[in-house]
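# Reading the structure
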There are 2 protein chains.
Amino acid sequence: MTNNSKPLQAADIETPCIVIDTDTMERNIVRMAEAASCRKVKLRPHTKTHKMPWIAHRQLEAGAAGITVAKVSEAEVMAEHGITDIFIAFPLVSPSKIERALSLSRRIRLIVGVDSFEGAQRLAEIAGRHGHVLEVRLEIDTGLRRSGVLFEQAPALAAQIHGMKELRLTGIYTFRGAVYQHKATLDLQTAGEEEGRIMAGMAERLREQGIPVADVSVGSTPTGAYAAAVEGVTEIRPGTYVFNDRMQARFGVCGLDDCAGRVWATVVSRPSADLAVIDGGSKTFATDVQPNTEPLLLQGFGYIEGLEDAVLERLSEEHGMIRLGPQSQLANPQVGDRLRIIPNHICSTVNLHNQVLFRRGDAYEPMTVLGRGKLE
Amino acid sequence: MTNNSKPLQAADIETPCIVIDTDTMERNIVRMAEAASCRKVKLRPHTKTHKMPWIAHRQLEAGAAGITVAKVSEAEVMAEHGITDIFIAFPLVSPSKIERALSLSRRIRLIVGVDSFEGAQRLAEIAGRHGHVLEVRLEIDTGLRRSGVLFEQAPALAAQIHGMKELRLTGIYTFRGAVYQHKATLDLQTAGEEEGRIMAGMAERLREQGIPVADVSVGSTPTGAYAAAVEGVTEIRPGTYVFNDRMQARFGVCGLDDCAGRVWATVVSRPSADLAVIDGGSKTFATDVQPNTEPLLLQGFGYIEGLEDAVLERLSEEHGMIRLGPQSQLANPQVGDRLRIIPNHICSTVNLHNQVLFRRGDAYEPMTVLGRGKLE
């Protein structure tokens, strides 16, 4: 853990900032590792949530088999810092990125996502030029309509990829994300088991075609443990669990006290009894999980500790407007007071910050979010 | 203009990234400077949009009288790079930030926003300790319910602040933002003139009280030129105009060809005829200006050049899902194709990126967004 300046005391911390409670994070890391281990599946956490190599190492030490990233640049940062088993769960199609992936794959175990014949051809062509065989996994759409080959087209595409000698197709993966969709059920167990069964079934179909599918990789923080229990699933890829957030708490995956991350903000203005303005807006809190949208119907952009009926209702770029209910008006936060707010979505919130503070006891260590903001 | 690596050719650019057309930016800078100059008001652009000192210098060279920032850290970055007249349009209440502002104010002309008695006391106390007089402007709420003293309470607060010998109250300011509010009119002229009249009237009231209000600062990109035409307004503070964006084009402030900034993204997947997936999601495109919300009712998260009936409908963190209409399906973008997308809100989109590319002819210079992501 290489910190980038000396630890701070709470009083010295400038707001707005993100503070991670290290003990809570450690507990989250261990819990998910145990959930995977007792179901006998591999855990390959998605590091999009933290983008920090030292946390990836903690996840590996706790039992993860490797990590997942979304970008070549993130894989490069993680590999530079000693991570040796990385899955880029994203279709790489630009020649320069494929070149970079190939260069990485000579040094570490690198697996690359693929979801189309064109994409596979691009990978194969460049791998062939390097005289190298690239390990790939086929991404399958299981209903999210994101990347991923359409389910019914997967067997044909898998056969084509299996036939490319420059590629070694070792697994299939999906991000179903059903519970995140507005129309979806909030029954995580049903969602997780469905996801697992669909993919385990596909793996069987592909094996019957003679494709030796070893890895069947599914799952997210809300569904991972349930999907892991399905026979045939070999790996889960949750990300958010490392810190957790208000959205996960609302899903019932964790309690608010399992949320390791809080935005610290200062009350800068109290123009009226029902309004407190803080020094954090849409450049501090991510706005991708909007208030009052299905399925979660979260009120506001975060959960404000200690002010139960206060709602972080509106954000401009650097201002956050908190509507104070009757109880909060009695509590009467003053100009200069600090508030601690659990953001709706920690992954995209961390992505807004260059540095994050890690609390251990009374000390707060600023650490750089090494994998964020890369030009690519 | 200190670039941080050698210029790239278009083919070498990795996506996702932001490309700014330098000529369009220059034209935008000159136009707003002329709009202010011909109405005989000062222009003090808000640099929140770009956060880059070299662009602030271009704005000053074109006629701006100073700049506006939202944070002490931004003021520090700008001052380090030679900007000598800075207004922090935000209430500073933390002792450490006030100390930093005071330290800056010994080197440059620094004006600090204030909107409460408590805030003014904090400023005065620390200024007094340094034996220094701090120039301040009173922020007045003109309907946005953000920071700013309530309109009817402004005269009493102004009198109190005017009586503090450690503070020198030289002006008043507001960000009315009426046109950004859901319920607001889209008639920019009416909105701008109202904003100007309200504040000019308040300045007169304060002068009648014996407070020598010199600066009456109003306006945003949509309303700035109209507010500037009102007798008694002395300064406008637009920000977004430097790049413009889809939201401003929808307001009718500019055309889409006046938008200097585009996100470049690559099609990574074409799972079906009506769906194209790009390599940019909510970590690439800001989500603070949501689709289908009033008053603008923008479709999707950006305007996709050349694909008129395509909608960037959904974002996950690193994926953007584009629904292709009949025409776009005929155009049939291929895996590997690059798309150029004008984001809904350029300010918060730039804030997601560590670097931005500036196009001059065939060359693309990567430049660091120096003022973003500061730990504070």
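Residues numbered from 1 in each chain as written. Chains lettered and ligands numbered in written order. Predicted model: local features only at pLDDT ≥ 70, side-chain atom pairs only at ≥ 80, totals over all residues. Heavy atoms only, no water.

## Notes on the domain arrangement of chain A
Domains assigned within chain A are domain 1 (84-238) and domain 2 (256-368). One C-alpha centre belongs to domain 1 of chain A, the other to domain 2 of chain A; they are set 36 Å apart. (Domains from an automatic or database assignment.)

## Some thoughts on the UniProt feature "domain: D-serine dehydratase-like" (unreviewed entry) in chain A
Here the UniProt-annotated "domain: D-serine dehydratase-like" (unreviewed entry) positions come out as residues 260-360 of chain A. Helix and strand shares over residues 260-360 of chain A are 11% and 42% respectively, and the end C-alpha atoms of the span are 12 Å apart. (UniProt positions renumbered as here; feature names shortened; annotations may be inferred. Helix = DSSP H or I, 4+ residues; strand = E, 2+ residues; numbered from the N terminus.)

## Some remarks on the environment of R107 of chain B
Residue and element names in this part refer to chain B. Mapped onto the secondary structure, R107 falls in the loop between α4 (95-105) and β5 (109-114). Look at R107 and you get exposed, because its relative accessible area is 56%. In sequence terms R107 and A79 are 28 residues apart; their C-alpha atoms lie 8.6 Å from each other. (Buried < 20%, exposed > 50% of the residue type's maximum accessible area, 1.4 Å probe, protein only.)

## Observations regarding the relation of the copies chain A and chain B
Rotating chain A by 180° about the axis while translating it 0.0 Å along that axis superimposes it on chain B, leaving an RMSD of 0.0 Å. Expressed as a symmetry operation, the mapping of one chain copy onto the other fits a two-fold axis. When the interface residues of chain A are mapped onto chain B, 100% of them again lie at the interface, so the same face is used by both copies. (Least-squares fit on C-alpha atoms with pLDDT ≥ 70 in both. Contact = heavy atoms within 4.5 Å.)

## Things to note about the packing of helix α1 (residues 22-38) of chain A against helix α2 (residues 53-61) of chain A
Residue and element names in this part refer to chain A. Look at α1 against α2: their axes get within 9 Å of each other, and the N-to-C directions meet at 45°. By the criterion of interaxial angle, the relationship of α1 to α2 is oblique. The element α1 and its partner α2 pack so that their crossing is right-handed. Facing α1, whose interface residues are M25, E26 and I29, α2 presents W54, I55, R58 and Q59. In the contact of α1 with α2, the residues fall into four nonpolar, one polar and two charged. (Axes fitted to C-alpha atoms, helices over the stretch in contact; angles between N-to-C directions. Parallel < 35°, antiparallel > 145°, perpendicular 65-115°, else oblique. Left-handed = near helix turned anticlockwise from the far one by under 90°. Nonpolar A, V, L, I, M, F, W, Y, C, P; charged D, E, K, R; others polar.)

## As for the environment of Y241 of chain A
All names here are of chain A. Positionally, Y241 belongs in the loop between β9 (235-236) and α9 (246-251). On a C-alpha basis, the gap between Y241 and A191 in space is 17 Å, while along the polypeptide they are 50 residues apart. Non-local contacts of Y241, meaning those with residues more than four positions away in its chain, are made with N28, I29, M32, L43, P45, Q59 and T221. In terms of polar contacts, Y241 uses its side chain to reach the side chain of Q59, at 3.0 Å. (Polar contact = N/O pair within 3.5 Å; in protein donor to acceptor, adjacent residues only side chain to side chain.)

## Re the pairing of strand β1 (residues 17-21) of chain A
All names here are of chain A. Counted residue by residue, β1 has five buried out of five residues, so it is predominantly covered. The alternating pattern of β1 places C17, V19 and D21 on one face and I18 and I20 on the opposite face, and all of these are buried. Of the strand pairs in this sheet, β1 and strand β10 (residues 261-272) are connected by four bridges, and their pairing is antiparallel. Looking across to β10, one finds that I18 is bridged to V263. (Pairing = 2+ DSSP bridges.)

## Some thoughts on the interface of chain A and chain B
Interface size, as often reported, equals the accessible area lost upon joining of the parts. Each partner contributes to the interface: chain A provides 64 residues, whereas chain B provides 64 residues. At the surface where chain A touches chain B, the tally comes to twelve salt bridges. The salt bridge partner of D279 of chain A is K97 of chain B, with a shortest N-O separation of 3.6 Å. Seen at the junction of chain A and chain B, the total is 35 residue pairs in polar contact (both at pLDDT 80 or more). (Salt bridge = Lys/Arg side-chain N within 4 Å of Asp/Glu carboxyl O.)

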